[in-house]
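Summary of structural features
Here are the chains, one letter per residue:
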Amino acid sequence: MIWNPRIGIAADYAGGAALLRDLLHTVGKGLEGDAEFADCVARTTAHLEKQQAAYFILETGEIISMDGDDPAASVQRLVAEDIPDTVAEAEAALAGRNEAWLTSLRADWQSHFASFYSEALYFSFPS
C-alpha cells in the first residue's frame, strides 16, 4: 500500500493483466455466441494492451472512501484478503478446479467484467 492515508495499491501489471485475459478466455468457453460478452472481452483486452507497464496503480481510494468505512482498514482488507482470495479462485478455475465459481461468473458476467475504462485515467511513472 502507498500514500497517506494508505489507500493506494501498487501491483504487478503484467501478471494481473495476464490473469484477467486468461480468466476472460476461460469464462468465455461457457459464453460462446454471446456477442455482448465478446465485445466486453475485446474492449477490455484493447484497454489492457494500451496500458502495459511495469506497475499499475489500482485506484481504490475514491471507491473505498464512498462506503464510509475507514479507508485504510478497507484497503488493508483488500490487500490481505479480498485480492488474494479472488486470485486463488481464478487460478483454481484456470486449473480446472473451480467450475462452480466459473458458472457463477458466467451467470452474472456483467457485474464482474463490464467495468468502464476511461481514456483519461492513465498514469506514467518514471523508472
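In this report, we go over the structure that sits alongside the text. Residue positions are given per chain, counting from 1 as you read along its sequence in written order. Reporting of local features is limited, given that this is a predicted model, to residues whose pLDDT is at least 70; pairs of side-chain atoms are given and counted only at 80 or more, and all residues count toward the totals for whole chains, interfaces and linings. Derived side-chain values reflect all non-hydrogen atoms in the structure, with water molecules and hydrogen atoms excluded from consideration.

Let's shift gears to the overall build of the chain. Helix and strand content of the chain: six helices and two strands. Each helix is a run of DSSP H or I of at least 4 residues and each strand a run of E of at least 2, with the numbering of both proceeding from the N terminus. Helices and strands appear in the chain in the N-to-C order β-α-α-β-α-α-α-α. A separation of at least 24 residues holds for 76% of the contacts in the chain among residues at least 6 apart in sequence. Should any heavy atoms of two residues lie within 4.5 Å, those residues are counted as being in contact.

As a further point, take the packing of helix H1 (residues 13-28) against helix H5 (residues 99-107). A fitted line through C-alpha atoms represents every axis, and for helices the fit uses only the stretch in contact; the resulting angles, taken between N-to-C directions, go from 0 to 180 degrees. The contact between H1 and H5 brings their axes to 10 Å, and the two run at 85 degrees. By the angle between their directions, the pair H1 and H5 is classed as roughly perpendicular. Contacts from Leu23, Thr26 and Val27 of H1 reach H5 at Trp101, Leu102, Leu105 and Arg106. For this classification, Asp, Glu, Lys and Arg are treated as charged, while Ala, Val, Leu, Ile, Met, Phe, Trp, Tyr, Cys and Pro are nonpolar and the rest, including Gly, are polar. Residue composition of the contact of H1 with H5, grouped by class: five nonpolar, one polar and one charged. We call two directions roughly parallel when the angle between them is under 35 degrees, roughly antiparallel when it is over 145, roughly perpendicular when it lies between 65 and 115, and oblique otherwise.

Residues forming no salt bridge and having over 30% relative accessible area are the ones grouped into patches, like charges within 9 Å of each other and nonpolar side chains (Val, Leu, Ile, Met, Phe, Trp, Tyr) within 5 Å. Using the Shrake-Rupley algorithm and a 1.4 Å probe, accessible areas are obtained, with residue cover drawn only from the displayed protein chains. Throughout this description, the term salt bridge denotes a Lys or Arg side-chain nitrogen within 4 Å of a carboxyl oxygen of Asp or Glu. In this count, Lys and Arg are taken as positive residues and Asp and Glu as negative ones, while His and the chain termini are left out. By convention, charge coordinates are those of NZ in Lys, CZ in Arg, CG in Asp, or CD in Glu. Residues Glu81, Asp82, Asp85 and Glu89 make up a contiguous surface patch of negative charge. As for its placement among the helices and strands, Asp85 is situated in helix H4 (residues 71-94).

Within this structure, the stated rule accounts for two salt bridges. A salt bridge links Asp39 to Arg43; the nearest nitrogen and oxygen atoms lie 2.9 Å apart. Residue Asp39 and its partner Arg43 are both found in helix H2 (residues 35-50); the two are separated by four residues, about one turn of the helix. Burial classes follow relative accessibility: with a 1.4 Å probe on protein chains only, a residue under 20% of its type's maximum area counts as buried, one over 50% as exposed, and anything between as partly exposed. For Arg43, a relative accessible area of 46% translates into the label partly exposed. The salt bridge involving Glu99 is made with Arg106; its shortest N-O contact spans 2.9 Å. Looking at Glu99, the relative accessible area reads 46%, which means it is partly exposed.

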